[in-house]
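Listed below are the residues making up each chain.
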Amino acid sequence: MQYALLIYSKPGTLDALGPAEREALSAEYYALRDEPGMLGGAALQPVTTATTIRLADGKPLVTDGPFADTKEVFGGYYLYEADDLDQATEMAARIPVLRLGGTVEIRPLMGKASS
Amino acid sequence: MAEAFAIAAGRWPAEGMPASPAAWLVTTARHRAIDRLRRDRVLAAKLRLLAATAPDGAEAEAEVDQTEIPDERLELIFTCCHPALAAEAQVALTLRAVAGLGTEEIASSFLVSAETMKRRLTRAKTKIRDAAIPFSVPSADRLPERLAVVLAVIYLIFNQGYSAPGQAGHLATEAIRLGRVLAALLPDEPEPRGLVALMLLHDARRQARLSGPDGQDLVLLADQDRSRWDGRQIAEAREIIERIVDTRGPYLIQAAIASLQAADPVDWRQVAALYAELAELTGSPVVRLNGAVAIAEADGPAKALAIVDRLDLAGYPYWHSTRAELLRRLGRADEARAAFRDALALAGTEPERRFLRRRIAEG
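The numbering scheme is per chain: residues are counted from 1 as the chain's sequence reads. Working convention: letters from A go to chains and numbers from 1 go to ligands, in the order in which they are written. For this predicted model, a pLDDT threshold of at least 70 governs which residues receive local features, and a threshold of 80 or more governs which side-chain atom pairs are given and counted, while totals over whole chains, interfaces and linings are taken from all residues.

Within chain A one finds two helices and six strands. The dimensions of chain A, computed from C-alpha atoms along their principal axes, are 45 × 40 × 20 Å. Every one of the 115 residues in chain A was classed for burial, and the buried ones make up 14%. In this description, any two residues whose backbone-derived C-beta atoms lie within 7 Å of each other are considered to be in contact. In chain A, the share of contacts with a sequence separation of at least 24, taken over all contacts with a separation of at least 6, comes to 75%. Under the scheme used here, helices are H or I runs from DSSP no shorter than 4 residues and strands are E runs no shorter than 2 residues, and both carry numbers assigned from the N terminus. Exposure classes come from backbone-placed C-beta atoms, where a residue is buried if 20 or more other C-beta atoms lie within 10 Å of its own, exposed if 12 or fewer do, and partly exposed in between.

This is the structure we're talking about:
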């Protein structure tokens, strides 16, 4: 089974950290990508760089940022191969965002069931 | 059962979801179990022996279930009560797949339409399959937290049957049966036995708890006709409690409290001490509220009210009714009536509402 571990953080938590702490955190995220079963992942730029597009009267409408104030912001993801949900949950529990008050959503990928 | 699940997981994506996955899963598992029993002649001989010594056929069948496929039943229970499923889905799945109740029966017990219950079960089954919720007994380090979920599900089923007699009354019996199965499957864990003892004690008073022409009038513990209590169940529960000596988990402590409350006279000081121990263990304000009731009996209503007023439970009907009762005993009638009204606005069942209306009328 392949799972996307979707990382949601509280806005501003990174800003509250010092440069050394931030570097340590980043190293932790990179280290997780070397774990067996990790297939990939990405970290996103802050939500202030985001652009949203939707249809208004059938025409694409482009605006700055996400379209509502959100308590949690999607910040990145890992792609993880695991035997079952319990194993995926154990990996997700190691993602540092949890210590900073964030959450991780575990979503199985469509059509990726292992035989 | 593990085999059945493997087949189910392998077949659903290709063939689409069967109309009732839970039923299908259980049926497949039973067929497999029967096949396996047929293959094993030594076992078959043992089964005949069991059938010969058991008082009747049904009992022999239950015995076969428990002795021949215990590990798989445990796996099934832990899958149905996996924390990744919503609580209502855990309850529905457990009743459907473990207890073997019909979807419509479960639906009517929880006052939802059969269609809603079917959707709830299908959604849960789909999640088990698509998110690969494992069909396994959790590892030793995860067992305590996972077992807590299973125990909570069984107790919730029991309470549904206990607090809403009539349409859901049989759920109490069903929960006791589930508890017994779990206790037999996990002989080293004291809490399943504690839960069984707790349920037996509450259930023993079921007949005496309600009265009136339609059986919807609540009778308080002190006013209950003790001759209508089930003495055999109380004795069995007490035996279970006495045999657990090394650990005191929350269910065992609650069982010990219920056991004391079934005694005459009740040792309220001891009840209060057990509630204090339970509050320490759980940190629950509801437990402190119940402890305050025992303190009211042991030390008087004034001391109890001081404790109750410090609890932040304004959304909880029993907080209001407890306050009301304490105020009434202190002779503060107006305040008591107001508190009974607040409780009435939040009360969940008809017997409770009737009891509160009676109190308001009396005051």
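Past the structure itself, the notes keep going.
Here we take up the sheet that holds strand S5 (residues 73–81) of chain A. All names here are of chain A. If DSSP finds at least two bridges between two strands, the strands pair. On the basis of which strands lie adjacent, the open sheet formed by four strands has the order S2-S5-S1-S6 and antiparallel pairing. Taken across any chain shown, the strands that pair with only one partner, and hence form the sheet edges, are strand S2 (38–43) and strand S6 (103–108). Averaged over all adjacent pairs, the angle separating strand axes in this sheet is 20 degrees, with direction ignored. Here eight bridges tie strand S1 (residues 2–9) to S5, and the two strands are oriented antiparallel to one another. Paired with Leu-6 across the strands is Tyr-77, a residue of S5. The strands touched by helix H2 (residues 85–92) are S1, S5 and S6; relative to S6, the strand with the most contacts, the crossing angle is about 150 degrees. Lines fitted to C-alpha atoms define the axes here, with helix axes fitted over just the stretch in contact, and angles between the N-to-C directions of these axes take values from 0 to 180 degrees.

Listed by partner, the interface residues are seven residues for chain B and six residues for chain A. For this scheme, ten residues count as nonpolar: Ala, Val, Leu, Ile, Met, Phe, Trp, Tyr, Cys and Pro. Four count as charged, namely Asp, Glu, Lys and Arg, and the remainder, Gly too, count as polar. Its residues assigned to classes, the side of chain B that touches chain A comprises six nonpolar, no polar and one charged.

A separate point is the nonpolar core. Core analysis: the largest hydrophobic core is formed by 98 residues, its most contacted members being Leu-5 of chain A together with Ile-154, Leu-201 and Ala-255 of chain B. Non-local contacts of Ala-255 of chain B, meaning those with residues more than four positions away in its chain, are made with Gly-194, Ala-197, Leu-198, Leu-201, Ala-237 and Ile-241 of chain B. Linking buried Ala, Val, Leu, Ile, Met, Phe, Trp, Tyr and Cys residues through C-beta atoms within 7 Å yields a set, and such a set is a nonpolar core.

Our next topic: the environment of Leu-147 of chain B. Residues and elements named next belong to chain B. The topology assignment puts Leu-147 in helix H9 (residues 143–163). The buried category is assigned to Leu-147, around which 21 C-beta atoms lie within 10 Å. On a C-alpha basis, the gap between Leu-147 and Leu-186 in space is 9.9 Å, while along the polypeptide they are 39 residues apart. The residues contacting Leu-147, other than those within four sequence positions of it, are Glu-189 and Glu-191.

Our next topic: the environment of Lys-118 of chain B. Residues and elements named next belong to chain B. Locating Lys-118 in the fold gives a position in helix H8 (residues 114–130). C-beta crowding within 10 Å serves as the criterion here: with 20 such atoms nearby, Lys-118 is assigned to the buried category. With 14 residues separating them in the primary sequence, Lys-118 and Glu-104 have C-alpha atoms 8.3 Å apart.

Residues and elements named next belong to chain B. The N-to-C vectors of helix H16 (residues 285–299) and helix H17 (residues 301–309) enclose an angle of 165 degrees; their axes lie 7 Å apart at closest approach. The angle between the axes of H16 and H17 places the two elements in the roughly antiparallel class. Between H16 and H17 lies a crossing whose hand is right-handed. Judged by residue contacts, Arg-288, Leu-289, Ala-292, Val-293, Ile-295, Ala-296 and Asp-299 of H16 engage Pro-301, Lys-303, Ala-304, Ile-307 and Val-308 from H17. Residues that form the contact of H16 with H17 fall into these classes: nine nonpolar, no polar and three charged. For classification purposes, angles smaller than 35 degrees are called roughly parallel, those larger than 145 roughly antiparallel, those between 65 and 115 roughly perpendicular, and all remaining angles oblique. If you view the pair so one helix is near and one far, a crossing is left-handed when the near helix is turned anticlockwise from the far one by less than a right angle, and right-handed when it is turned clockwise.

This paragraph deals with the environment of Ile-307 of chain B. All names here are of chain B. On the secondary structure map, Ile-307 appears in helix H17. Overall, Ile-307 belongs to the partly exposed group, with 16 C-beta atoms counted inside 10 Å. Each C-alpha atom of the pair Ile-307 and Ile-295 lies 9.3 Å from the other, and the pair is 12 residues apart in sequence. Excluding its chain neighbours within four sequence positions, the residues that come into contact with Ile-307 are Arg-288, Ala-292 and Ile-295.

Turning next to the pairing of S5 of chain A. When S2 of chain A meets S5 of chain A, the two strands line up antiparallel, connected through five bridges. Looking at the pairing, Ala-43 of chain A lines up with Gly-76 of chain A of S5 of chain A.

The next thing to look at is the packing of helix H13 (residues 231–243) of chain B against helix H14 (residues 250–261) of chain B. Residues and elements named next belong to chain B. It is at 10 Å that the axes of H13 and H14 come closest, and there the two elements cross at 135 degrees. For the element pair H13 / H14, the angle class is oblique. Crossing geometry of H13 relative to H14 is assigned as left-handed. Only Leu-252, Ala-255, Ala-256 and Ser-259 of H14 make contact with H13, whose side of the interface consists of Ala-237, Arg-238 and Ile-241.

What follows concerns the confidence of the model for chain B. Do not read the fine detail of predicted coordinates wherever pLDDT is low. Residue and element names in this part refer to chain B. Note: pLDDT gives the predictor's confidence per residue, expressed from 0 to 100. This prediction gives chain B a mean pLDDT of 82; 79% of its residues lie at or above 70. Ignoring residues within four places in sequence, the model shows residues 1–64, a span with pLDDT below 50, making 52 contacts including any to other chains. Across the predicted assembly, pTM comes out at 0.76 and ipTM at 0.85.

All names here are of chain B. Between its first and last C-alpha atoms H16 spans 20 Å; for 15 residues at 1.5 Å apiece the expected length is 21 Å, and the two agree. Looking only at H16, the buried set comprises Val-287, Arg-288, Leu-289, Asn-290, Gly-291, Ala-292, Val-293, Ala-294, Ile-295 and Ala-296. Considering only its buried residues, H16 is in contact with helix H15 (268–282), H17 and helix H18 (317–329). Helices are assigned an expected span. That span is 1.5 Å times one less than the residue count.

This part covers H9 of chain B. Given a rise of 1.5 Å per residue, 21 residues ought to cover 30 Å, and the 29 Å separating the end C-alpha atoms of H9 of chain B matches this to within 8%. For H9 of chain B, the set of buried residues is Leu-147, Val-150, Leu-151, Val-153, Ile-154, Ile-157, Phe-158, Gln-160, Gly-161 and Tyr-162 of chain B.

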